[in-house]
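# Remarks on the overall topology
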Amino acid sequence: MKAAVIVFPGSNCDRDLAVALRQAGFDVEMVWHKNRDLPGGIDLVGLPGGFSFGDYLRCGAIAARSPIVDAVVAHGNRGGHVLGICNGFQILTETGLLPGALMRNRQLKYICRTVPLVVRNTSSDFTSGFHDGQAIEIPIAHHDGNYFAEPETLDRLHGEGRVAFTYAANPNGSQTDIAGVLSANGRILGMMPHPERAADPALGGMDGRALFDTLAGSFAAA
Amino acid sequence: MKARVHVMLKDGVLDPQGEAVRHALGALGFDEAEGVRQGKVLELDLADGTSEARIAEMCERLLSNTVIETYRVEIL
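Heads up: these notes are all about the structure in this document. (Residues numbered from 1 in each chain as written. Chains lettered and ligands numbered in written order. Predicted model: local features only at pLDDT ≥ 70, side-chain atom pairs only at ≥ 80, totals over all residues. Heavy atoms only, no water.)

Moving on, we get to the overall build of chain A. In terms of regular secondary structure, chain A is built from 5 helices and 11 strands. Its C-alpha atoms give chain A a radius of gyration of 16 Å, near enough to 17 Å, the size a compact globule of 222 residues would have. Burial status across chain A gives 59% buried among its 222 residues. In chain A, once contacts between residues fewer than 6 apart in sequence are set aside, the share between residues at least 24 apart is 73%. As displayed, chain A has an accessible area near 8,500 Å², and 48% of this comes from carbon and sulfur atoms. Across chain A, the mean location of the 18 positive side-chain charges is 5 Å away from that of the 22 negative side-chain charges. (Helix = DSSP H or I, 4+ residues; strand = E, 2+ residues; numbered from the N terminus. Rg over C-alpha atoms; globule rule 2.2 N^0.38 Å. Buried < 20%, exposed > 50% of the residue type's maximum accessible area, 1.4 Å probe, protein only. Contact = heavy atoms within 4.5 Å. Areas by Shrake-Rupley, 256 points an atom, 1.4 Å probe, with all protein chains shown as cover. Lys, Arg positive; Asp, Glu negative; His and termini not counted. Charge placed at Lys NZ, Arg CZ, Asp CG, Glu CD.)

Another aspect to go through is the pattern of salt bridges. Within the structure shown, the criterion is met by 14 salt bridges over all chains. A salt bridge links E43(B) to R4(B); the shortest N-O distance between them is 2.8 Å. A residue pair is termed long-range when its members are at least 10 positions apart, and E43(B) in strand β2 (residues 40-45) and R4(B) in strand β1 (residues 2-9) qualify at 39 residues. With a shortest N-O distance of 2.8 Å, R22(B) and E19(B) are connected by a salt bridge. Taken together, the positions of R22(B) and E19(B), both in helix α1 (residues 16-27) and 3 residues apart, correspond to about one turn of that helix. R22(B) sits in the partly exposed class, given a relative accessible area of 23%. Note on E19(B): relative accessible area 38%, which makes it partly exposed. Each of R58(A), R65(A), E94(A), K40(B) and E69(B) takes part in salt bridges that share partners, so that together they form one network. (Salt bridge = Lys/Arg side-chain N within 4 Å of Asp/Glu carboxyl O.)

This part takes up the environment of G25(A). Residue and element names in this part refer to chain A. Mapped onto the secondary structure, G25 falls in the loop between α1 (14-23) and β2 (27-32). The exposure class assigned to G25 is partly exposed, which follows from its relative accessible area of 43%. A C-alpha to C-alpha distance of 26 Å links G25 and V118, two positions 93 residues apart in sequence.

Glancing now at the pairing of strand β3 (residues 44-47) of chain A. All names here are of chain A. Judged by which residues are buried, β3 turns out to be covered on both faces: L44 and G46 on one side and V45 and L47 on the other are all buried. As judged from the 3 bridges shared by strand β1 (residues 2-7) and β3, these two strands associate in the parallel manner. Considered in β3, the bridge of V5 is made with G46. Pairing of β3 with strand β4 (residues 81-85), which is carried by 4 bridges, proceeds in the parallel orientation. From the neighbouring strand, G46 faces β4, where its bridge partner is L83. Following the chain from β3 across helix α2 (residues 67-77) to the adjacent parallel β4, one finds a crossover that is right-handed. (Pairing = 2+ DSSP bridges. Right-handed = clockwise from strand over helix to strand, strands pointing away.)

Okay, α2(A) next. Residue and element names in this part refer to chain A. Those residues of α2 that fall on the buried side of the exposure criterion are I68, V69, A71, V72, H75 and G76. With its buried residues spanning 155° around the axis, α2 presents them on a single face. For α2, the exposed residues lying more than 90 degrees away from the buried face are D70 and N77. As for α2, its buried residues are in contact with β1, β2, β3, β4, α3 (87-95) and β11 (188-191). Two residues or fewer after α2 comes G79, characterised by a positive phi angle close to 100°. (Arc of directions from axis to C-beta.)

Limitation: the analysis is restricted to geometry and does not speak to function.
Structure (structure tokens):
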């Protein structure tokens with residue numbers, strides 16, 4: 001069970017993500033963005049939070065054109081698992097692996113606090129450990145987490161059960177309260193909240209741990 | 001040669017920054033400013049003979065996010 005965590009200049013949650021994945025049982029390799037290839041036998045690619053390339057141009061835009069990202073897109077298109085958190089979610093939308101875009105928060109403020117979420121999908125390899133409608137609390141820390149997609153895309157995401165999490169109290173203006181979305185095959189998850197910051201009792205929350213344990217369990221069962 | 005690329009949010013996409021600027025203009029008494037949209041301008045120094053198709057490709061692949069933005073190229 002192997003995971004690669006991609007490190008961009010400006011990533012700042014890469015080591016936290018690696019710790020959370022190791023706790024769940026993954027062998028984790030850190031991969032610099034200039035590499036062209038992923039290590040062999042990778043099951044999961046993690047795109048961490050942070051401010052890759054200083055958020056220049058658009059959040060995640062320049063990271064999404066990094067050499068390693070071609071390999072990440074190929075991994076996703078082969079049916080491989082990808083988890084993008086915060087800046088990682090922004091990068092996933094910039095690559096087109098996930099639909100929509102993350103815009104400036106409605107109130108124009110950077111928001112850093114633990115927020116209540118509602119679990120909306122319980123069939124993916126990331127979310128099957130939760131129950132439908134489960135209330136969980138996960139920290140957010142972003143300036144650009146306001147999810148936007150065309151109305152027909154939003155309808156499709158909700159209709160196909162691809163909205164993984166919604167905000168119980170919308171903090172940033174995200175359309176239809178979306179906090180995280182899945183790819184059509186359910187193997188790519190992008191989310192603004194940080195489950196790796198709620199994966200250890202010392203951090204004041206364990207609700208994020210279930211996501212990593214569920215993911216590890218799905219690989220162990222496969 | 002030079003080109004200037006204007007990137008704007010699509011109509012219908014909420015622009016909270018433009019809205020904040022509009023609000024500030026109103027606070028200064030410019031009540032006639034009924035709407036503000038904020039965009040970006042990028043100036044490119046290009047090798048002579050660069051085709052417009054090539055510039056459009058730059059816009060599509062990096063300079064704009066066509067999910068939320070439109071772009072307009074001006075050859076200078």
